[in-house]
Amino acid sequence: MDHLPHGGYPGPLKIPYLCKVPYSHEGEWLGYPATQGFNLDHLRFHFFHHYSPDTVPAFLQSWLYFGLIFAVLPFKPDVDDFVNEDEKGGKFITTSKLPMYFERWKRHAEVLSKEEKLSLWGKNRLILNDAHRTIRYIGDWPQSMPLSFSPVPPVSREMGLSFAILGRALELANGKILNPEAREDLGWSSGSLLLEHMESQGWCPFLVAGMHYTFDVDGKYFASTIGPPRVQRNHRRCTDEKCMYRSDGIQHLTPTCQCPMFSPDIDKMREILAENKLPLVRFVTNSDGKRGKLEVVPGEGGAKYVAMSHVWSDGLGNFAGNSMPACQLGRIQNAANSLYHDDLATGDSNVISVPFWMDTLLIPNDPKLEKIKDATIVNMTQIYKNAKD
C-alpha cells in the first residue's frame with residue numbers, strides 16, 4: 001500500500017491485479033454485484049460458498065477495491081492509475097497516486113456549501129459502512145469465521161488487507177475533506193497478518209499485542225515495514241501479557257533516587273504540530289544541576305537534533321504517561337550533547353543543549369490525545385531520517 005509511510009523494509013503486501021476487465025459501473029455501488037451474477041444478500045451474510053472459488057477473488061477485488069474508489073470519489077478515476085506492471089509483465093495494484101486523487105477531491109469540495117459537503121459525507125459514510133462489514137469479515141479470516149464453515153478464505157489474507165487499508169484511507173479522506181468534525185474510526189481490520197509478520201521478524205509478542213490494541217490497520221502496516229529489531233533477543237517464552245525481558249516501567253538511575261518527574265507541555269506540542277513543525281525537547285538544568293526544566297521546542301528546517309527510541313528492558317518506557325525522571329533526562333541530554341560536542345565547543349550552535357526526540361515523551365499514550373499521536377506516527381520515517389546519524 002504505497003500511499004502510506006514506509007519504514008524502509010519490504011512489507012508483506014504485493015497484491016496481484018485479478019480483474020478480467022477494468023471496473024466500469026455507472027449505477028449505485030450496491031447494484032454492482034447483481035450485474036456480475038452475485039446475490040447481495042449472499043454477500044452480506046458471507047455465503048461465498050454459493051459461488052465458484054475461481055470467480056470470487058476477482059469479483060471482490062473489482063467491487064470492494066475499485067468499486068469503492070469509484071463510489072466515494074466525486075469524479076471518475078482512471079483504473080490504470082491503480083495498476084502497476086512489473087518487469088515480468090505481472091500486474092499488481094498500487095495506491096501511489098491516491099494522495100493526488102485526494103488533493104483533487106479537496107479542490108473539488110472547496111466550492112461546495114457546508115450543507116452539500118455534509119450530504120456527500122453522509123452518502124459516502126453509508127457506502128463505507130456497507131463495505132466495512134464485508135471487508136472486516138474477509139480481512140480477519142480465520143478469526144472472523146469458523147473454519148468448519150469457511151476452511152479457506154474467499155480471498156488471500158493479503159488481498160483482504162488491501163481492501164481494509166484502502167477503506168481506511170477513504171474513510172479518513174471523506175471525514176477530513178467533507179466533515180472535519182466527524183470521528184472516523186470504523187475499525188477495518190485487526191491487521192493480524194501484519195502483526196504475525198512482525199513476530200516472525202523477531203519482535204516480542206507483548207509489544208506486538210500492544211500494537212493490536214493501539215494502532216489502526218495503517219499504523220500496523222507502517223510498523224510491519226520497519227524491519228527486525230536492532231536488539232535481537234529470543235522471545236519464545238514471552239506472551240501477549242508479559243515480555244520476559246521487559247522492566248516494570250520507568251526506572252531511575254539508582255534504586256534510591258527520588259528525583260522529580262518531568263512531562264512535555266502538550267499545548268506547546270499541539271501548537272508546533274499545527275505549524276507543521278516537529279516537536280522536540282531538551283532538558284535544561286541550572287548551574288548546580290539540581291533543578292531542571294523540560295522545554296518543548298520546534299524543529300525548524302535543518303535543525304540539529306537526536307532521535308532515539310527505548311526498548312522496554314532499558315527502564316525508559318512509561319506505562320502511566322509521557323514523563324521521565326530528571327536523572328534519566330539528564331543522562332539522555334548529555335548523550336545528545338556529546339553527539340554535537342564539536343559544534344557546542346566551538347560555539348557553532350546557538351544553544352547549549354541539543355534538542356532530542358524520544359517516543360516515551362513525544363508519542364502521547366492518553367486516548368484523548370489521539371490526534372497528536374496520529375500526527376506523530378505518520379511522520380516517524382522523517383523523524384528518524386532527518387535526525388543525527
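Our structure is the block above this text.
Residues numbered from 1 in each chain as written. Predicted model: local features only at pLDDT ≥ 70, side-chain atom pairs only at ≥ 80, totals over all residues. Heavy atoms only, no water.

## Here we look at the overall build of the protein chain
At step 1: What the protein chain contains, in helices and strands, is 15 helices and eight strands.
At step 2: Within the protein chain, buried positions represent 48% of all 389 residues.
At step 3: Partitioning the contacts of the protein chain with sequence separation of at least 6, the portion at a separation of at least 24 is 72%.
At step 4: Carbon and sulfur atoms make up 53% of the accessible area of the protein chain, which amounts to about 20,600 Å² in all. (Helix = DSSP H or I, 4+ residues; strand = E, 2+ residues; numbered from the N terminus. Buried < 20%, exposed > 50% of the residue type's maximum accessible area, 1.4 Å probe, protein only. Contact = heavy atoms within 4.5 Å. Areas by Shrake-Rupley, 256 points an atom, 1.4 Å probe, with all protein chains shown as cover.)

## Section: the pattern of salt bridges
At step 1: Counting across every chain of the model gives 13 salt bridges.
At step 2: A salt bridge links Lys-76 to Glu-26; the nearest nitrogen and oxygen atoms lie 4.0 Å apart. Here Glu-26 lies in the segment before helix 1 (32-35) and Lys-76 lies in the loop between helix 3 (56-72) and strand 1 (83-85), a separation of 50 residues in the sequence.
At step 3: By relative accessible area, which is 57% here, Lys-76 ends up exposed.
At step 4: A network of salt bridges, in which partner residues are shared, links Arg-125, Arg-168, Glu-171, Asp-216 and Asp-218. (Salt bridge = Lys/Arg side-chain N within 4 Å of Asp/Glu carboxyl O.)

## Section: helix 4 (residues 98-109)
At step 1: Under the 1.5 Å per step criterion, the end-to-end length of helix 4 is 16 Å for 12 residues, consistent within 8% with the ideal 16 Å.
At step 2: For helix 4, the complete set of buried residues consists of Leu-98, Tyr-101, Phe-102, Trp-105 and Ala-109. All buried residues of helix 4 lie within an arc of 100° about the axis, which places them on one face of the element.
At step 3: Among the structural elements, helix 3, helix 5 (114-139) and helix 6 (157-178) are those in contact with the buried residues of helix 4. (Expected span 1.5 Å × (residues − 1). Arc of directions from axis to C-beta.)

## Here we look at the packing of aromatic side chains
At step 1: In the structure shown here, the tally under the stated rule is 14 aromatic pairs.
At step 2: Between Tyr-23 and Tyr-32, the aromatic rings sit 4.8 Å apart at their centres with planes inclined by 50°, giving tilted as the arrangement.
At step 3: Relative accessible area serves as the criterion here: at 5%, Tyr-23 is assigned to the buried category.
At step 4: Ring centres 5.2 Å apart and planes at 70° place the aromatic pair Phe-262 and Phe-283 in the edge-to-face group. With Phe-262 in strand 3 (residues 261-262) and Phe-283 in strand 4 (residues 278-285), this pair connects stretches of sequence that are 21 residues apart. Each member of the pair, Phe-262 as well as Phe-283, carries the same accessibility label: buried.
At step 5: Joined through ring pairs, the aromatic side chains of Tyr-23, Trp-29, Tyr-32, Phe-38, Tyr-51, Phe-59, Trp-63 and Phe-70 make up one cluster.
At step 6: The aromatic ring of Phe-92 is capped on one face by Lys-14, whose charged end is 4.4 Å from the ring centroid.
At step 7: The side chain of Arg-104 reaches across the aromatic face of Phe-75, ending 3.9 Å from its centre. (Phe/Tyr/Trp six-rings, centres within 6.5 Å; stacked < 30°, edge-to-face > 60°. Lys NZ or Arg CZ within 6 Å of the ring centre and 35° of its normal.)

## Quick word on helix 7 (residues 192-200)
At step 1: Restricting attention to buried positions, one finds in helix 7 the residues Ser-192, Leu-193, Leu-194, Leu-195, His-197 and Met-198.
At step 2: Here the buried face of helix 7 lies against helix 6, helix 8 (205-214) and helix 9 (217-223).
At step 3: Once helix 7 finishes, Gly-202 follows within two positions and takes phi at roughly 110°, a positive value.

## Describing the nonpolar core
At step 1: Counting 61 residues, the largest nonpolar core has Leu-60, Phe-66 and Trp-105 as its most contacted members.
At step 2: Listing elements by their share of this core, those giving two or more residues are helix 3, helix 4, helix 5, helix 6, helix 7 and helix 9.
At step 3: Sort the elements by how many residues they give to this core and helix 3 lands first, with 12 residues.
At step 4: Residues Phe-262, Ile-272, Met-358 and Met-380 belong to the second largest nonpolar core, which totals 36 residues. (Core = buried A, V, L, I, M, F, W, Y, C linked by side-chain atoms within 4.5 Å.)

## Here we look at the packing of helix 6 against helix 7
At step 1: Where helix 6 contacts helix 7, the axes come no closer than 9 Å and their chain directions differ by 120°. The pairing of helix 6 with helix 7 is recorded here as oblique in orientation. On helix 7, the residues that touch Arg-157, Glu-158 and Leu-161 of helix 6 are Ser-192, Leu-193, Leu-194 and Glu-196. (Axes fitted to C-alpha atoms, helices over the stretch in contact; angles between N-to-C directions. Parallel < 35°, antiparallel > 145°, perpendicular 65-115°, else oblique.)

## Some points on unusual backbone geometry
At step 1: Not every positive phi belongs to a glycine, and His-46 is a case in point at roughly 60°.
At step 2: The residue His-46 is located in the loop between helix 2 (40-44) and helix 3 in this model.
At step 3: On the basis of relative accessibility, which here comes to 14%, the residue His-46 falls in the buried class.
At step 4: In this structure, Asn-276 takes a positive phi of about 60° despite not being glycine.
At step 5: Mapping Asn-276 onto the fold places it in the loop between helix 10 (266-274) and strand 4.

## Focus on the environment of Tyr-32
At step 1: Along the chain, Tyr-32 turns up in helix 1.
At step 2: Spatially, the C-alpha atoms of Tyr-32 and Trp-63 are 7.2 Å apart, while their sequence positions differ by 31 residues.

## Let's talk about the state of the cysteines
At step 1: The final tally for this structure, using the stated rule, is zero disulfides.
At step 2: Cysteine Cys-257 is unpaired, with the sulfur of Cys-259 as its nearest cysteine sulfur at 3.5 Å.
At step 3: Residue class for Cys-257 comes out partly exposed when judged on its relative accessible area of 21%. (Disulfide = S-S within 2.5 Å.)

## Regarding the environment of Arg-230
At step 1: With respect to the helices and strands, Arg-230 occurs in the loop between helix 9 and strand 3.
At step 2: Arg-230 sits in the exposed class, given a relative accessible area of 79%.
At step 3: When the C-alpha atoms of Arg-230 and Trp-203 are compared, they prove to be 9.9 Å apart, with 27 residues separating the residues in sequence.

## Considering the side chain of Asn-322
At step 1: Along the polypeptide, Asn-322 turns up in the loop between strand 6 (306-308) and strand 7 (324-325).
At step 2: Within the structure, Asn-322 has its side chain in polar contact with the backbone oxygen of Ile-363 (distance 2.8 Å).
At step 3: The residues contacting Asn-322, other than those within four sequence positions of it, are Phe-262, Ser-263, Pro-264, Asp-359, Thr-360, Leu-361, Leu-362, Ile-363, Pro-364 and Asn-365. (Polar contact = N/O pair within 3.5 Å; in protein donor to acceptor, adjacent residues only side chain to side chain.)

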